[in-house]
Amino acid sequence: MASALWSCLVLALLSGLAASGFPRSPFRLLGKRSLPDGGVGGIDVYSTKINCKVTSRFAHNVVITKAVNRADTAKEVSFDMELPKTAFITKFTLTIDGVTYPGTIKEKEVAKKQYEKAVSQGKTAGLVKASGRKLEKFTVSVNVAAGSEVIFELTYEELLKRNKGKYEMYLKVQPKQLIQHFEIEADIYEPQGISTLDAEASFITNDLLGSALTKSFSGKKGRVSFKPTLDQQRSCPTCTDSLLDGDFTITYDVNRETPGNVQVVNGYFVHFFAPQGLPVVPKNVVFVIDVSGSMAGRKIQQTRDALLKILDDVKEDDYLNFILFSGDVTTWKDNLVQATPENLQEAREFVKSIQDQGMTNINDGLLRGISMLNKAREEHMVPERSTSIVIMLTDGDANVGESRPEKIQENVRNAIGGKFPLYNLGFGNNLNYNFLESMALENHGIARRIYEDSDANLQLQGFYEEVANPLLTNVELAYPENAILDLTQNNYQHFYDGSEIVVAGRLLDDHLNSFKADVKGHGAINDLTFTEEVTTEKITLWNGAVRNTFSWLDTVMVTQDGLSIAINRKKDMIVSFGDGVTFVIILHEVWKKQPSHHDFLGFYVVDSHRMSMQTHGLLGQFFHPFDFKVSDVRQGSDPTKPDATMVVKHHRLTVTRGSQKDYRKDASIGTKVICWFVHNNGEGLIDGVHTDYIVPSLF
């Protein structure tokens, strides 16, 4: 779906920038074949900055490239930017000599027509097209007058997916020339806390990368910065061309104290679910493999290599079979067989003997595999607590038997009946990938393109590793019906180890105090239920008109202009003013079964001696020492609590001995402190009377 989304986007600048006979230049700022060595035609790209901000797996990326035309004549400059297939453009602008031209985003059909019209009229336009395994290419061209500067700014966003235990942010680096100011900066904020953070580049050795790269993380924040100097960008010490040509990848993961984490912001919630340490559910896998004539040569050899490696990773509790289709359909075994050492060895011999031949009968190959899985389940040939999967690999379109894509989809959908997922792997580009993707998605699976490169076998193995370890099946995430609106998908056939399920929704009541999120699924041993309690009791921090909202479920550190605020999950909030005073606000949770009991906040001053002498208020007037004397200790109305006389501020007061809890060092139990209690609302001890310190309608 992500790749389909990208191909439906066009960004057209309808600013009336006409191509009035300006000379053309093959220049590209970013992307393959983007600029001949050293830059030609007088175009100087002097700055490229990629700024990434990630919050709760959601990445907001801004790419700004600046260039100036130092030639004596106008030049056409084309900007290429390769973007992740799972991302979407939210903003694009061109600024020429201080004048900004905004772009607009259109849907597919409208976009094509508008793009073609803009190009035919000589206007500036951009179009997104597929370009590689993980990327789509965005291209836009503009005519730049002699001596003029152009600034290209593109903003795109994406939800980072967890794969094999890590979130991955993938950036393509291809400036194709030395750039005076080149930098990538990524700031990551994860409320659960960051457990690992790494970055690597495919185009540079670790020795050189280390001097240009900085990475760090602590608590909930992480940062990656890549700023190579001009000399570090050179392909050799005396070269004028750049070695920055490849992939820059940032990976990280978060702390997981519980299987789930629910975050609430501005009336919306997002639920992240990724349990760990569960036993793997046995799987029943049917590999449906295209062995038609078009698979001849390297493709069939790479397929054999990949299947042999996959067989090394199959677990003994699993069941499997191979279906081969060309013009006809053949099977390794009549039924699924358990992956015993003996059967696996026999399977390896079968895989080694696979040869290409004939036509492409996708329909019959898939139906044979699906029928085999249905039979195994119905006749109890596989474990009750196991899950079934179909993995189909093809490099072409159906050309024998049932060849109509819509009819094949209907047959497959009816045969599976929603009982298990179908994963389609499309080998190469000479196939109807949209058909494979659509068929997979409507059967709760996904499609993946396998590129015809030397590592195609590794691509196949990599996909299998993603689905090799199901931990839960039939996963359902449930929320109170009267509390949630606009819920995203909340039912999944599988949860795989190293992945993550994400559900988002809108709260019906912005002032909802709490609700429960229940997750149910079938495990390898028993059915499991996970419950996450969500509270929206808020902590709101204001800085002028800027508001930040947190809850007592957060662990957050906020520092700005000498003020430091630390929220410790379900414990306390510490407010510090530089080297000055520190306040502690403690959340005191009480026994909820008594209706009259309510959680309350305790306000404590850790180092009151640092407060100014001018500090006043109900508490502030006592932040500095004052004289008092206690005498005439005597029995009070309660024999366990003696009375006494206190002389303070020229007043004689009757006080009573008692105790109070100090929670500054122990927030849960507190420390018992012996003290004197002043009667009559502190009359005689406080300045004025107690009503002077009461502010009506404060909240």
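A. Seen up close, the confidence of the model for the protein chain. Residues of the protein chain with pLDDT of at least 70 account for 81%, and the chain-wide mean is 81. Here residues 1–40 scores under 50 on pLDDT; set against residues more than four positions off or in separate chains, the count is 133 contacts.

B. Local environment of the packing of aromatic side chains. Applying the stated criterion to the full structure yields 16 aromatic pairs. With centroids separated by 6.4 Å and ring planes inclined at 45°, the aromatic side chains of Phe58 and Phe88 adopt a geometry described as tilted. Residue Phe58 is located in strand S3 (residues 58–69), and its partner Phe88 is located in strand S5 (residues 88–96); the two are separated by 30 residues in the primary sequence. We classify Phe58 as partly exposed; its relative accessible area is 32%. Relative to Tyr464, the ring of Phe287 has its centre 6.2 Å away and its plane inclined at 40°; by these criteria the two rings are tilted. Of this pair, Phe287 sits in strand S20 (residues 283–290) while Tyr464 is found in helix H10 (residues 456–467), placing the two residues 177 residues apart along the sequence. A relative accessible area of 3% places Tyr464 in the buried class. Members of the aromatic cluster, each reached through a chain of ring pairs, are Phe287, Phe322, Trp332, Phe350 and Tyr464.

C. Representation of the pattern of salt bridges. The final tally for this structure, using the stated rule, is 28 salt bridges. Here Lys215 ties to Asp198 by a salt bridge, and the two come within 2.4 Å at their closest N and O atoms. Of the two residues, Lys215 is situated in strand S15 (residues 213–218) and Asp198 in strand S14 (residues 194–201); the sequence distance between them amounts to 17 residues. Of the charged contacts in the structure, one is a salt bridge between Arg506 and Asp486, with a shortest N-O distance of 2.9 Å. Linking Arg506 in strand S30 (residues 501–507) with Asp486 in the loop between strand S28 (484–485) and strand S29 (491–496), this pair joins segments that are 20 residues apart in sequence. The exposure class of Arg506 is partly exposed, given its relative accessible area of 30%.

D. Main features of helix H5 (residues 298–313). In this model, H5 (16 residues) spans 23 Å end to end at C-alpha, consistent with the 22 Å of a helix rising 1.5 Å per residue. All buried positions along H5 are accounted for by Lys299, Ile300, Gln302, Thr303, Arg304, Ala306, Leu307, Leu308, Ile310 and Leu311. Taken together, the buried residues of H5 touch S20, strand S21 (319–325), helix H6 (341–352), strand S24 (387–394), strand S25 (422–427) and H10.

E. Highlighting the side chain of Ser242. Examined against the element boundaries, Ser242 turns out to sit in the loop between helix H4 (230–233) and strand S17 (246–254). On the basis of relative accessibility, which here comes to 14%, the residue Ser242 falls in the buried class. A polar atom in the side chain of Ser242 sits 3.0 Å from the backbone nitrogen of Leu244. Setting aside its immediate chain neighbours within four residues, Ser242 contacts Pro175, Gln177, Leu178, Gln233 and Ser235.

F. Local environment of the pairing of S17. Of all 9 residues making up S17, 8 are buried, and the element is well covered by its neighbours. In this structure, strand S12 (residues 166–173) lies alongside S17, joined through 7 bridges in antiparallel fashion. Bridge pairing links Lys172 to Asp247 in S17. Across 7 bridges, the pairing between S14 and S17 is antiparallel. When the bridges of S17 are listed, Thr196 appears paired with Asp253.

G. Geometry of the state of the cysteines. According to the stated counting rule, one finds 1 disulfide in the structure shown. Across the disulfide, Cys236 is cross-linked to Cys239 (sulfur-sulfur distance 1.8 Å). Measuring the twist about the S-S bond at about 95°, one finds the Cys236-Cys239 disulfide to be right-handed.

H. Molecular detail of the sheet that holds strand S2 (residues 43–55). Reading across from one edge, S6-S5-S10-S3-S2-S13-S16-S15 is the order of the 8 strands in this open sheet, with mixed pairing throughout. Of all the strands in the sheet, the pair left with one neighbour each is strand S6 (99–102) and S15. Across this sheet, the average inter-strand angle for adjacent strands is 10°, counted without regard to direction. As paired strands, S2 and S3 are joined by 12 bridges and run antiparallel to one another. Of the residues in S3, the one forming a bridge with Val45 is Ala67.

I. A look at the environment of Val254. Mapped onto the secondary structure, Val254 falls in strand S17. A residue is classified by how much of its surface remains accessible, and Val254, at 3% relative accessible area, is buried. Those residues in contact with Val254, other than ones at most four positions away along the chain, are Arg57, Tyr167, Glu190, Gln192, Gly193, Ile194 and Ser195.

J. Examining the packing of H5 against H6 more closely. Contact geometry of H5 with H6 gives a least axis separation of 9 Å together with a crossing angle of 175°. Classified by the angle their axes make, H5 and H6 are roughly antiparallel. Residues Arg304, Leu307, Leu308, Leu311 and Asp312 of H5 form the contact with H6, whose participating residues are Leu344, Ala347, Arg348, Val351 and Lys352. Grouping the amino acids of the contact of H5 with H6 by side-chain chemistry returns 6 nonpolar, no polar and 4 charged.

Reading the values: rules and limits
- Residues numbered from 1 in each chain as written.
- Predicted model: local features only at pLDDT ≥ 70, side-chain atom pairs only at ≥ 80, totals over all residues.
- Heavy atoms only, no water.
- pLDDT = per-residue confidence, 0-100.
- Contact = heavy atoms within 4.5 Å.
- Phe/Tyr/Trp six-rings, centres within 6.5 Å; stacked < 30°, edge-to-face > 60°.
- Helix = DSSP H or I, 4+ residues; strand = E, 2+ residues; numbered from the N terminus.
- Buried < 20%, exposed > 50% of the residue type's maximum accessible area, 1.4 Å probe, protein only.
- Salt bridge = Lys/Arg side-chain N within 4 Å of Asp/Glu carboxyl O.
- Expected span 1.5 Å × (residues − 1).
- Polar contact = N/O pair within 3.5 Å; in protein donor to acceptor, adjacent residues only side chain to side chain.
- Pairing = 2+ DSSP bridges.
- Disulfide = S-S within 2.5 Å.
- Axes fitted to C-alpha atoms, helices over the stretch in contact; angles between N-to-C directions.
- Parallel < 35°, antiparallel > 145°, perpendicular 65-115°, else oblique.
- Nonpolar A, V, L, I, M, F, W, Y, C, P; charged D, E, K, R; others polar.

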